[in-house]
Amino acid sequence: MTSTRARRQSTLELVAARIRAHVVDMCAGPEGGHLGGALSSADILAALYFSVLNVDPQRTDDPDRDRFVLSKGHAAVGLYAALAERGYFPVEELTTYGRPGSRLMGHPVRAVPGVELPTGSLGHGLALGCGFALAHRYAGRDARTFVLLGDGELQEGSVWEAAIAAASLRLERLTVIVDRNGLQLTGATDGIAPLEPLADRWRSFGWAVRDVAGHDPDELARHLDAGPWEPGRPSVLIARTVKGRGLPFLEGRSSSHYVTLSPRNHARAVRALRTTEDAG
Ligand SMILES: Cc1ncc(C[n+]2csc(CCOP(=O)(O)OP(=O)(O)O)c2C)c(N)n1
Ligand SMILES: [Mg+2]
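Structure report, in brief. Computed from a prediction, not measured in an experiment: that's the story for all the values here.

## Things to note about the nonpolar core
Note on soluble globular proteins: their nonpolar side chains tend to be buried together.
Reasoning step 1: Counting 58 residues, the largest nonpolar core has L35, L48, Y49, F68 and L247 as its most contacted members.
Reasoning step 2: Excluding residues within four positions of it along the chain, F68 makes contact with L45, L48, Y49, L53, L79, E116, F146 and L148.
Reasoning step 3: Judged by nonpolar contacts, the second largest core, of 27 residues, contains L126, V147, W207 and V209.

In structure tokens, the structure reads:
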């Protein structure tokens, strides 16, 4: 890696690269992990935790903090990496992931500093986000709420019930990000239950919509920082991503969904991430 190349990467890109490196290390542990969906959302998490969210790791109970709900709770390894990098707990703790006695389990729980809610059962995060946004309004607080949904998760009817509620309650300080990686557990989302035209669908539910490429964390942060995009409407950023992003041998494949990386594939993954970084 030349220093000239390294300097070209933005701070958020470097953070996203560190998140990916931690995710790959965690998925090489005995438990494995939801690798593909954590890698597809690494740039989103970097943008949120290092630009957008008004949070302070030293004051996790500050009532004015912004709230983030990882509705696709299976991507916990990505969240843990982002929280550790942001200073909620030591980066070294990531090595305990999935091991007996660790608070870093397959799905996030509130024992982990910075985790607002336990998640993992898909379809519930948006309703919970509506609750945060409504509570902020009643308390007269300006805090914003962000919810990250998977695209397969959009097949849950409860997502759309909450989407109707958010629009009718005019929750303009609520923002959804859809990790539109095109894959769910067993295959392509559009092969199982087509979602397109996804932006039009959200628009018809009364949301302000932006549909963007999902792997430029600076661009993602610009959009998310600029919200609310339309007065009186909640916002949804559809981030077009690649499942397994950063690992060419897994990118765009359902097999990236849950992986226990063998020592050989871990080494391969580490090499691949270094190459991607050098090319940046
Ligand atoms: C209610 C519910 N049903 C099933 C599952 C099992 N499950 C975990 S991840 C997943 C696929 C989710 O796909 P998507 O939302 O697209 O996530 P991503 O591609 O970002 O990993 C499923 C079915 C679950 N966690 N919750
Ligand atoms: Mg998906």
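From this point on, the discussion continues.
## A look at the packing of aromatic side chains
Reasoning step 1: Inspection of the entire model under this criterion finds six aromatic pairs.
Reasoning step 2: Here Y49 and Y88 contribute two aromatic rings whose centre-to-centre distance is 6.3 Å and whose plane-to-plane angle is 90 degrees, an arrangement assigned as edge-to-face. Residue Y49 is located in helix α4 (residues 42–52), and its partner Y88 is located in the loop between α5 (76–86) and α6 (125–139); the two are separated by 39 residues in the primary sequence. Exposure class is identical for Y49 and Y88. Each is buried.
Reasoning step 3: Relative to W202, the ring of W160 has its centre 4.7 Å away and its plane inclined at 45 degrees; by these criteria the two rings are tilted.

## Here's the deal with the side chain of R67
Reasoning step 1: By the secondary structure assignment, R67 is in strand β1 (residues 67–70).
Reasoning step 2: Exposure remark for R67: the relative accessible area of 9% places this residue in the buried category.
Reasoning step 3: In terms of polar contacts, R67 uses its side chain to reach the backbone carbonyl oxygen of P63, at 3.3 Å.
Reasoning step 4: Only 2.7 Å separates the side chain of R67 from the backbone oxygen of R65, close enough to count as a polar contact.
Reasoning step 5: When sequence neighbours within four positions are dropped, the list of residues in contact with R67 reads L53, D62, E116, F132, H136, R144, T145 and F146.

Criteria and cut-off values
- Residues numbered from 1 in each chain as written.
- Chains lettered and ligands numbered in written order.
- Predicted model: local features only at pLDDT ≥ 70, side-chain atom pairs only at ≥ 80, totals over all residues.
- Heavy atoms only, no water.
- Core = buried A, V, L, I, M, F, W, Y, C linked by side-chain atoms within 4.5 Å.
- Buried < 20%, exposed > 50% of the residue type's maximum accessible area, 1.4 Å probe, protein only.
- Contact = heavy atoms within 4.5 Å.
- Phe/Tyr/Trp six-rings, centres within 6.5 Å; stacked < 30°, edge-to-face > 60°.
- Helix = DSSP H or I, 4+ residues; strand = E, 2+ residues; numbered from the N terminus.
- Polar contact = N/O pair within 3.5 Å; in protein donor to acceptor, adjacent residues only side chain to side chain.

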